[in-house]
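Residue-level structural notes
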Amino acid sequence: MQPPQTFFQRLKYLGPGFILSAAIVGSGELIATTALGAKAGFVTFWVILVSCLVKVTLQLEFGKNAIYTGIPTMQSLNTLKGKHYGKAHWSIWAWLSLQGLKLLQVGGIVGGVAIVLNMVFPILSTNVWAITASLITAALVYQGFYKSVEIGALVMIILFTITILVSLISLQLTPYAIRWSELASGLTFSLPPSAVMVAIGAFGITGVGGDEIMFYNYWCIEKGYATYTGPNDGSPEWAARAKGWIEVMYLDAVCSMVVYTTVTAAFYLLGAALLHRHGEVPEGYAMIETLSKLFTETLGPWAKVMFLIGAFFVLYSTLFTATASWSRIFGDAFGQIGWVKFNDSVSQKRVIGLLSWAFPIIWCALYLIIKMPVLMVLLGGIATSILLLLVVWAALQFRYRQLPQSLIPTRVYDVFFWISVVSILGVSAYGIFQVTQ
């Protein structure tokens, strides 16, 4: 199928980025980003923006890999050179070894969803809401595949973006209004010594993470980009189609970046304006209650409902898309290891359906047993930071060992690609240095 040629024609084929945005804007933005604004004020605002912008080229490499190979992430990893243990490449086993902590992270998000629902509807306990939300999510994801997930993600993106932006705009009508001088101070690229560790934390938790980058491949395939391009027969016609659909994917990724950067920036500014000036840095999900109270004080009782609606959709969007994404990537990984059959559409549908029920139940059980959602999210964050290093390695392999010669990008693209690589490796190295001191 020939790719669309105009901007407006390409808009009709966007979609994977909607799912990615819904996954990205979750507990990190609602809890951690707001807390960073509370701790550092406006001074590290530029770090948030750079973090959201600088990692997108890694996402593009995974998206391109989906288009020119037509196979999902784990199958691509299994084709790379290197040691295999059993049937699977070492990188698959390395990824799997981190997933225990990631299970805890999403379990913590289940707790966050339950806490918000309990605040709005206290007639049911937090535990009951956790079970209810998990079962509803499993049923919604099980009922359909790509289209239902895309529509669900788009609806939640619209809802949480509107509520958070309305919150930020409403803030300007209060004594807590953000002044231009304060905003400008956050764009000076200065970094006081006291804010260095805060900046490292901000870089790690904001923008597209290792999980979302690996998920993006699946959604590009299910959207049809690879099918429209067709198998690589080495012809100029194939290269032209591939380049055209890669351009569509670029637009999809950029639109996604605009959404999650906007929402992340809004959360950071809310934390800096409301909490930093108050001198309050509440921990974890207490942030939800504290921010809702501050909104009530500044805007009136109606603001609490508005903020809780936004908080719910921010957290639930992550739970919803995580269920859809985990069922695909784990099914793919288990297939490469040899534990399940994942080599045809029938077996894939069956495995994805089973896992779409299994994971929400496991996450809910972990939350009900541990009941420490903030700690669970933070432990998962550690695994995410390590996973990002694996993603960098895989992106380098895709770019320099698998990418067809006919699809070699421009030097400008490669400059941005290496900025992403060096930035992530530099932050990781500095973080290790600080920990070992």
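A quick note: this is a predicted structure, and the numbers were derived from the prediction, not measured.

What counts, and at which threshold
- Residues numbered from 1 in each chain as written.
- Predicted model: local features only at pLDDT ≥ 70, side-chain atom pairs only at ≥ 80, totals over all residues.
- Heavy atoms only, no water.
- Helix = DSSP H or I, 4+ residues; strand = E, 2+ residues; numbered from the N terminus.
- Expected span 1.5 Å × (residues − 1).
- Buried < 20%, exposed > 50% of the residue type's maximum accessible area, 1.4 Å probe, protein only.
- 1 Å grid on protein atoms, 1.4 Å probe; cavity = no way out; pocket = protein on both sides within 12 Å on 5 of 7 lines; lining within 4 Å.
- Points joined across faces, edges and corners; volume = space filled by probe spheres on them.
- Nonpolar A, V, L, I, M, F, W, Y, C, P; charged D, E, K, R; others polar.
- Axes fitted to C-alpha atoms, helices over the stretch in contact; angles between N-to-C directions.
- Left-handed = near helix turned anticlockwise from the far one by under 90°.
- Contact = heavy atoms within 4.5 Å.
- Salt bridge = Lys/Arg side-chain N within 4 Å of Asp/Glu carboxyl O.
- pLDDT = per-residue confidence, 0-100.

**Re helix α17 (residues 302-337)**
Two residues of an α-helix separated by three or four positions point the same way, owing to the 3.6 residues in each turn. Compared with an ideal rise of 1.5 Å per residue, which puts 36 residues at 52 Å, α17 spans 52 Å between its outermost C-alpha atoms and is within 8% of the ideal. The element α17 is extensively covered by neighbouring structure, given that 31 of its 36 residues are classed as buried. Looking one or two residues beyond α17, the residue adopting positive phi is Gly 338, at roughly 105°.

**Section: empty space enclosed by the protein**
What the rule picks out here adds up to one cavity of 30 Å³ or more. Of all the secondary-structure elements, those providing two or more residues to the lining of the largest cavity are α13 (210-223) and α17. Taken together, the residues that form the lining of the largest cavity break down as six nonpolar, one polar and one charged.

**What to know about the packing of helix α16 (residues 286-299) against α17**
The N-to-C vectors of α16 and α17 enclose an angle of 150°; their axes lie 7 Å apart at closest approach. Note that α16 runs across α17; the crossing there is right-handed. Taking contact as the criterion, the partners of Ile 288, Glu 289, Leu 291, Ser 292, Phe 295, Thr 296 and Leu 299 in α16 are, on α17, Trp 302, Ala 303, Lys 304, Phe 307, Leu 308 and Leu 315. Its residues placed into classes, the contact of α16 with α17 shows nine nonpolar, two polar and two charged.

**Some points on the pattern of salt bridges**
Under the counting rule described, the total for this entry stands at eight salt bridges. With a shortest N-O distance of 2.8 Å, Glu 61 and Lys 64 are connected by a salt bridge. Taken together, the residues Glu 61 and Lys 64, both in helix α5 (residues 56-69) and three residues apart, mark about one turn of the helix. Each member of the pair, Glu 61 as well as Lys 64, carries the same accessibility label: buried. Residue Glu 150 is joined to Lys 147 by a salt bridge in which the shortest nitrogen-to-oxygen separation is 3.4 Å. Within this pair, Glu 150 and its partner Lys 147 are both found in helix α10 (residues 146-171), separated by three residues, close to a single helical turn. Through salt bridges with shared partners, a single ionic network connects Lys 147, Glu 150 and Lys 223.

**Considering the confidence of the model for the protein**
When pLDDT is averaged along the protein, the result is 86; 94% of the residues meet or exceed 70. Considering each helix and strand of the protein separately, the mean pLDDT is smallest for helix α12 (residues 196-205), with a value of 67, and largest for strand β2 (residues 88-89), with 96.

**Comments concerning the side chain of Gln 105**
With respect to the secondary-structure elements, Gln 105 resides in helix α8 (residues 99-120). Leave out the neighbours within four places in its chain, and Gln 105 touches Met 376, Val 377, Gly 380, Gly 381 and Thr 384.

**Digging into the layout of surface pockets**
The space that makes up the second largest pocket amounts to roughly 270 Å³. Looking at the second largest pocket, it is lined by 14 residues, and the ones nearest its centre are Ile 221, Glu 222, Phe 342, Gln 348 and Ile 352. At the level of secondary structure, the elements contributing two or more residues to the lining of the second largest pocket comprise α13 and α18 (345-370). Counting residues per element, the lining of the second largest pocket draws most heavily on α18, which supplies four residues. Its residues assigned to classes, the lining of the second largest pocket shows seven nonpolar, four polar and three charged.

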